[in-house]
Amino acid sequence: MSETLELIRRSVGGHVRALSLIIFSGMVAQALALLQPKLGQNFIDEAQHGIPSSQTVFLMIVTIIGYAALNFAQQLLLARVGEDGTFQAREQTIRTLLHSSPAAIKSRPSGWYSQRLTGDASLIKGVVSSVSAILQSLILGIGSCAALLIININVFAVSFSVTCVSIFFSAIASIPLRSWQWRLQETATKMIVGVEEMTTASNILAAFNATGRMRDKLTEYAKQSQSVGYGLSARSAAFSSASGLLTQIANIVTLLYGAYNVTRGKMDFAQLIAFVMYLNCLVGSISRFSGGIGQMQQARAGYSRLREMQNHGLSDQNGPSRTVTHIENKGPAKLEFRDVSLRYPGENHFSLSHLNFRAEPGKITALIGESGGGKTSCINLIESFVKPSEGSVLMDEKSIAEINIDAYRKSIGYVDQDSILLTGTVRENLDPSGKGYSVDEMLEALGRACITSVSGKTGIDLLDMKVGEQGRLLSGGQRQRISLARALLAKPRILVLDEPTSSLDGVTEESIRLLFNELREETTIILSTHRFSLASSSDWAVILKQGRIVNQGTPRDLSANSPYYRYLAESWKGKDCRTEQTTA
């Protein structure tokens, strides 16, 4: 019950006036509906006694038209409030996602969030409609009962007993619908995730002849959806059929008993007609009440799944501990790991254990080691995508856990390993936050990142070029260089790069290496790399293995004193040579 009240409060918030108009128009409409049987009774009485009935007919027409007009206005208001409620639910979901840590977001597949933004949020629009339907059904039901009671108490007692059974059944039978609606949404989520996986990995599936396995997987999801959908439909059908059966029984019993009373002289014909019309109003109110309950159960299922998402470790990154809102925004910064350990949520082992190193201002610090050594985890910590389980990451002697996340990230430039671009143009990707960089600034950044032409397009034409969904119209090397240009535009105090040249040819990589040397006066560079050319040109190298630092120092010292560094260097030299031969 508390969840239902919370859902109603959230849906109604900001729409008190609209809800008041909906309730008022509904009350007037039901009053007009209750007036119609009485006018019908008057019309029959007038006809039986030869009294002109033009006034009664006119009033009946007015009540019918008025009821239709009020119902139309009410539906418009309900649609508006319902869509606003859906928008607010989606906006809150989007805000929750965008203010949460990337690590928490990536713990679920993207389709999991898509289903909640689309299907689950859409169910919220039924809240106000269900509340309106329940309130109006109560008004119509109470008014009908009162009228029936006045007309004939004995006939009312018979019909009311059957009606109570119908109401009780509606309340009990609708409860399972919520769990089945939840299951249906879960199977829909699996389908969305599966389709996204299929489209993303289409090349791999084709190359390894794995389309059959993916087909079987999606077919199984479709079968689950079919089974759950059938179960929900069957229960909904049983619910509505049983309610309809009880309604028919109530009508038949009442009509037969009323006719019996007419033959006995205890009711006249006009009263019987009015009684049947009021009974139809009562039956209609029960049907509307049942529909409102069912719609509320579906809305509760959607709301519960949205709350599940908000409780899935997603929280605002600007927590109460981030009290530092102003930091120095010029010149290279110092960054330090002080006894840092990291264990990802849900993992039993530490990905990083007791790391201690410093990236000095204006220097290049390289994080090196074999795959899985912990280099990307270090990058995630520096970017504050995750928080240390133990220890602290500091910038200029301030713990980054205490710095406002927006202020901190203004000081950080980031090039991710996958070089993901946003759907849109090159210009939009260079300025994703809308800072308003000039054309000259953007072209200068592209030039420094060694990308001045794509498919023959240069200058403004290059900036306005569409990159496709997630940059799929560009090569990996082009995406990587645009990502680097994006980071350079921000003029960061610390430039963080995760495998920044993994998709570049040897010539371009050398140009980027020379650029990093030029950037020493502007920023502190921290990069993870498997390329010997980058590692050997750094000022300081930190060697990671299985989440621990096995050695650190200048590349020259490591080359002389660290067998593991020499082992890595030899293996990298071979890879670098093969890369150069391939690109040649």
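Draft legend 1. Fine view of the sheet that holds strand β5 (residues 398-399). With respect to topology, four strands assemble into an open sheet ordered β2-β1-β4-β5, the strand pairing being antiparallel. Every other strand in the sheet has two partners, leaving β2 (352-359) and β5 as the edge strands with one partner each.

Draft legend 2. Quick look at the sheet that holds strand β10 (residues 548-553). Read across the open sheet, the six strands follow the order β6-β7-β8-β3-β9-β10; overall the sheet is mixed. Where the open sheet ends on each side, the last strands, each with one partner, are β6 (412-415) and β10. On average, adjacent strands in this sheet sit at an angle of 15° to one another, irrespective of strand direction. When β6 meets strand β7 (residues 494-498), the two strands line up parallel, connected through four bridges. By the bridge assignment, I412 is partnered in β7 with I494. Its contacts with the sheet place helix α12 (residues 375-382) against β3 (364-368), β6, β7, β8 (524-528) and β9 (540-545), and it is angled at close to 145° to β7.

Draft legend 3. Geometry of a nonpolar patch on the surface. Residues I23, M27, L135, L138, I139 and I142 make up a contiguous nonpolar surface patch of roughly 490 Å² in combined accessible area. Those elements that provide at least two residues to the nonpolar patch are α2 (16-48) and α6 (126-151). You can call L138 partly exposed: its relative accessible area is 41%.

Draft legend 4. Up close: the pattern of salt bridges. Summed over the entire model, instances satisfying the criterion amount to twelve salt bridges. Put simply, D396 and R493 hold a salt bridge, and the shortest N to O gap is 2.8 Å. Taken together, the residues span a long stretch of sequence, with D396 in the loop between β4 (390-395) and β5 and R493 in the loop between α17 (476-489) and β7 at a distance of 97 residues. The class of D396 is partly exposed, set by a relative accessible area of 27%. Given the relative accessible area of 5%, R493 is considered buried. A salt bridge links E509 to R531; the shortest N-O distance between them is 2.0 Å. Of this pair, E509 sits in helix α18 (residues 506-518) while R531 sits in the loop between β8 and α19 (532-536); the two residues are 22 residues apart in sequence, bridging distant segments of the chain. Taken as a pair, E509 and R531 share a single burial class, namely buried.

Draft legend 5. Summary view of the environment of A299. One can find A299 in helix α11 (residues 269-310). Since its relative accessible area comes to 0%, A299 is described here as buried. Expressed as a C-alpha distance, the spacing of A299 and D120, which sit 179 residues apart in the sequence, is 8.1 Å. Beyond its immediate chain neighbours, meaning those up to four positions away, A299 contacts L7, L123, I124 and V127.

Draft legend 6. Here's a closer look at the side chain of E46. Residue placement: E46 occurs in helix α2. No salt bridge is formed by the buried E46, whose closest oppositely charged neighbour, K38, lies at an N-O distance of 10 Å. Other than its neighbours up to four places away in sequence, E46 contacts I51, P52, S53 and T56.

Draft legend 7. Examining the nonpolar core more closely. By size, the foremost hydrophobic cluster in this structure holds 44 residues, and its most contacted members are L430, L446, L484 and F516. Broken down by element, the residue count for this core peaks at six residues, all from α17. Not counting the four nearest positions on each side in its chain, L430 is found in contact with Y437, M442, L446, L463, I482, A485, R486 and L489. Judged by nonpolar contacts, the second largest core, of 27 residues, contains F337, M395, Y408 and V542.

Draft legend 8. Representation of the confidence of the model for the chain. Residue-level pLDDT values for the chain average 81, and 89% of them are 70 or greater. Low pLDDT (under 50) marks residues 577-584, which in the prediction has five contacts with non-local residues, meaning those over four places away or in another chain.

Draft legend 9. Broad picture of the packing of aromatic side chains. Tallied over the entire structure, the rule returns three aromatic pairs. Relative to Y414, the ring of F385 has its centre 5.4 Å away and its plane inclined at 80°; by these criteria the two rings are edge-to-face. Of this pair, F385 sits in the loop between α12 and β4 while Y414 sits in strand β6; the two residues are 29 residues apart in sequence, bridging distant segments of the chain. For Y414, a relative accessible area of 26% translates into the label partly exposed. Centroid distance Y564 to Y567: 6.1 Å. Interplanar angle 25°. Geometry classified as stacked. Residue Y564 and its partner Y567 are located together in helix α21 (residues 563-583), separated by three residues, close to a single helical turn. Y567 sits in the partly exposed class, given a relative accessible area of 46%.

Draft legend 10. Quick peek at the pairing of strand β1 (residues 335-342). Taking burial as the measure, the eight residues of β1 include six buried ones, the bulk of the element. With five bridges connecting them, β1 and β2 associate as antiparallel partners. The residue of β2 that forms the bridge with E336 is R358. By the bridge criterion, five bridges tie β1 to β4 in an arrangement that is antiparallel. Bridge pairing links S341 to E390 in β4.

Draft legend 11. Highlighting the packing of helix α15 (residues 439-448) against α17. In the contact formed by α15 and α17, the axes pass within 8 Å of each other and the chain directions differ by 125°. One finds that α15 runs oblique with respect to α17. Viewed along their axes, α15 and α17 form a crossing whose handedness is right-handed. Across from E441, M442, A445, L446 and R448 in α15, the residues of α17 making contact are I482, A485, L488 and L489. The residue makeup of the contact of α15 with α17, split by class, is seven nonpolar, no polar and two charged.

Draft legend 12. Structural context of α15. Among the residues of α15, those classed as buried are M442, A445 and L446. Relative to the axis of α15, the buried residues are bounded by an arc of 100° and lie together on one face. Exposed and facing more than 90 degrees away from the buried side of α15 are D440 and E444. On its buried face, α15 is in contact with α14 (426-430), α16 (459-463) and α17. Downstream of α15 by a residue or two, C450 has a phi angle that is positive, lying close to 65°.

Draft legend 13. The side chain of K375, seen in detail. Along the polypeptide, K375 turns up in helix α12. Buried charge without a salt bridge: K375, with E499 as the nearest opposite-charge side chain at an N-O distance of 4.9 Å. Contacts of K375, omitting those with residues within four sequence positions, involve L367, I368, G369, E370, E499, S528, T529, H530 and L544.

Calculation criteria
- Residues numbered from 1 in each chain as written.
- Predicted model: local features only at pLDDT ≥ 70, side-chain atom pairs only at ≥ 80, totals over all residues.
- Heavy atoms only, no water.
- Pairing = 2+ DSSP bridges.
- Helix = DSSP H or I, 4+ residues; strand = E, 2+ residues; numbered from the N terminus.
- Axes fitted to C-alpha atoms, helices over the stretch in contact; angles between N-to-C directions.
- Contact = heavy atoms within 4.5 Å.
- Patch = residues over 30% accessible without salt bridge, like charges linked within 9 Å, V, L, I, M, F, W, Y side chains within 5 Å.
- Areas by Shrake-Rupley, 256 points an atom, 1.4 Å probe, with all protein chains shown as cover.
- Salt bridge = Lys/Arg side-chain N within 4 Å of Asp/Glu carboxyl O.
- Buried < 20%, exposed > 50% of the residue type's maximum accessible area, 1.4 Å probe, protein only.
- Lys, Arg positive; Asp, Glu negative; His and termini not counted.
- Core = buried A, V, L, I, M, F, W, Y, C linked by side-chain atoms within 4.5 Å.
- pLDDT = per-residue confidence, 0-100.
- Phe/Tyr/Trp six-rings, centres within 6.5 Å; stacked < 30°, edge-to-face > 60°.
- Parallel < 35°, antiparallel > 145°, perpendicular 65-115°, else oblique.
- Left-handed = near helix turned anticlockwise from the far one by under 90°.
- Nonpolar A, V, L, I, M, F, W, Y, C, P; charged D, E, K, R; others polar.
- Arc of directions from axis to C-beta.

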